[in-house]
Structures are given as C-alpha cells and as structure tokens.
Amino acid sequence: MQVIIYKFVDGTTNTVEVTEDIYLIHLQLMKEEISNNRRETRRHTSLYYFTDMGIDFEDKRTESPLELYIRKENIASIRKAMLYLTDKRRDLVRKFYYEEMTMRQIASQEGVSHTAISQRMKTIRKRLQKELRDCSI
C-alpha cells in the first residue's frame, strides 16, 4: 500500500492509502499535469511576468541624437496639446492609452455604448491633430 497526501488551499491535508497500481497512475497523472502547465506557461508568458520577476529587457535600438531630439519634441508637443482637452477627455485618453483599457471596458464603466466612446476618441484625435498643427506653424 502507498499513501497519497492531498494538500488543500486552506492548509489542511488529507492522506489516502491506495494500491501500488493506483499510486503509479496518480504519479503519471501528476507528471502530465506539471508538463502541461509548463508547456502552457511557456507559450503564454507575457513580458509583464518577466518584469515582475525582476528580469528587464534592454532596448537594443540605437537612436541618433537627431531622432532622440525629434522624439522628445514630439512628446512635448503632445503634452502641450493635451492641455487643450477637457479633464473628461484627458481621462479618456489616460484610460485608453496608458491603462490600456478597451473601448468596451471604458463604455461599460461609464454606462454608455461602445460607439459613444469610439466617437469621443475620434473627436479627441481630431482636436489633438488640430492643436499639433497649430503648434508647428
């Protein structure tokens, strides 16, 4: 007779005596489960998982000083143009671009339709484009 020990989430354990055949089947099933979990994890591990584990990825792109300057100027221009948006519109931009919420999630949170959020985003983009054009003149 062999003993299988089950450990539960609440911290309790339970032991069961089983025959040798059942014990070997149990071991095989446990190995398959571990293998399947490892395979699924390897296939679906996000970059956020690695950064949470302290592993960081170095950006290998090299930017010329001109490209770096242009990027910084673009960011500054966008921030300046954002000042022309209302607080409500800025909040929508923050949710969509920085918190990476989908339009459907935002719509359900605000109690409106997906189309309403889509139209608001379209209006915001037009306003930002106008402000960016006006700033560059």
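Here, the structure is the one placed above.
Structural notes, computed from the coordinates. This is a predicted model, so every value here is computed, not measured. Think of each chain on its own: its residues are numbered from 1, step by step along the sequence as written. Local features in this predicted model are restricted to residues of pLDDT 70 or higher, and side-chain atom pairs are both shown and tallied only at a pLDDT of 80 or more, whereas totals for entire chains, interfaces and linings draw on every residue. The side-chain numbers reported here are obtained from all heavy atoms of the structure, hydrogens and water having been left aside.

1. A short note on the overall build of the protein chain
Next, step 1: In terms of regular secondary structure, the protein chain is built from 6 helices and 2 strands.
Next, step 2: Burial status across the protein chain gives 13% buried among its 137 residues.
Next, step 3: For the protein chain, the proportion of contacts with a sequence separation of at least 24, taken over those separated by at least 6, is 30%. Here a helix means four or more residues in a row that DSSP labels H or I, a strand means two or more in a row labelled E, and each is numbered from the N terminus. Note on exposure labels: buried denotes an accessible area under 20% of the residue type's maximum, exposed denotes more than 50%, and partly exposed covers the range between, all computed with a 1.4 Å probe on protein chains only. Two residues qualify as a contact provided that any one of their heavy atoms is within 4.5 Å of a heavy atom in the partner residue.

2. Concerning the nonpolar core
Next, step 1: Here, the term nonpolar core denotes a set of buried Ala, Val, Leu, Ile, Met, Phe, Trp, Tyr and Cys residues that are joined through side-chain atoms within 4.5 Å. Judged by nonpolar contacts, the single largest core of 13 residues is most densely connected at Leu85, Leu92, Ile117, Met121, Ile124 and Leu128.
Next, step 2: Elements that contribute at least two residues to this core include exactly helix H3 (65-82), helix H4 (87-98), helix H5 (103-110) and helix H6 (114-136).
Next, step 3: The dominant element in this core, judged by the number of residues it contributes, is H6, at 4 residues.
Next, step 4: Leave out the neighbours within four places in its chain, and Leu85 touches Arg90, Val93, Ile124, Arg127 and Leu128.

3. What about a nonpolar patch on the surface?
Next, step 1: Like-charged residues within 9 Å of one another, or nonpolar side chains (Val, Leu, Ile, Met, Phe, Trp, Tyr) within 5 Å, are grouped into patches, provided each residue has over 30% relative accessible area and no salt bridge. Reported accessibility uses the Shrake-Rupley method at a 1.4 Å probe radius. Residues are deemed covered only where the shown protein chains occlude them. Here a salt bridge means any side-chain nitrogen of Lys or Arg lying within 4 Å of a carboxyl oxygen belonging to Asp or Glu. The grouping of Tyr6, Phe8 and Val16 at the surface amounts to a nonpolar patch, some 260 Å² of accessible area in total.
Next, step 2: Looking at where Phe8 falls in the secondary structure, it is placed in the loop between strand E1 (2-7) and strand E2 (13-18).
Next, step 3: By relative accessible area, which is 44% here, Phe8 ends up partly exposed.

4. What about unusual backbone geometry?
Next, step 1: Of note in the backbone geometry, Glu100 takes a positive phi value of approximately 55° without being a glycine.
Next, step 2: By the element assignment, Glu100 lies in the loop between H4 and H5.
Next, step 3: Assessed through its relative accessible area of 54%, Glu100 is described here as exposed.

5. Section: the pattern of salt bridges
Next, step 1: Scanning the model with the defined rule gives 7 salt bridges in all.
Next, step 2: Notably, a salt bridge pairs Glu110 with Lys95, separated by 3.6 Å at the nearest N-O pair. Of this pair, Glu110 sits in helix H5 while Lys95 sits in helix H4, and the two are 15 residues apart along the sequence.
Next, step 3: Residue Glu110 is classed as partly exposed on the basis of its relative accessible area, which comes to 30%.
Next, step 4: Taking the relative accessible area as the measure of exposure, Lys95 reaches 10% and is therefore buried.

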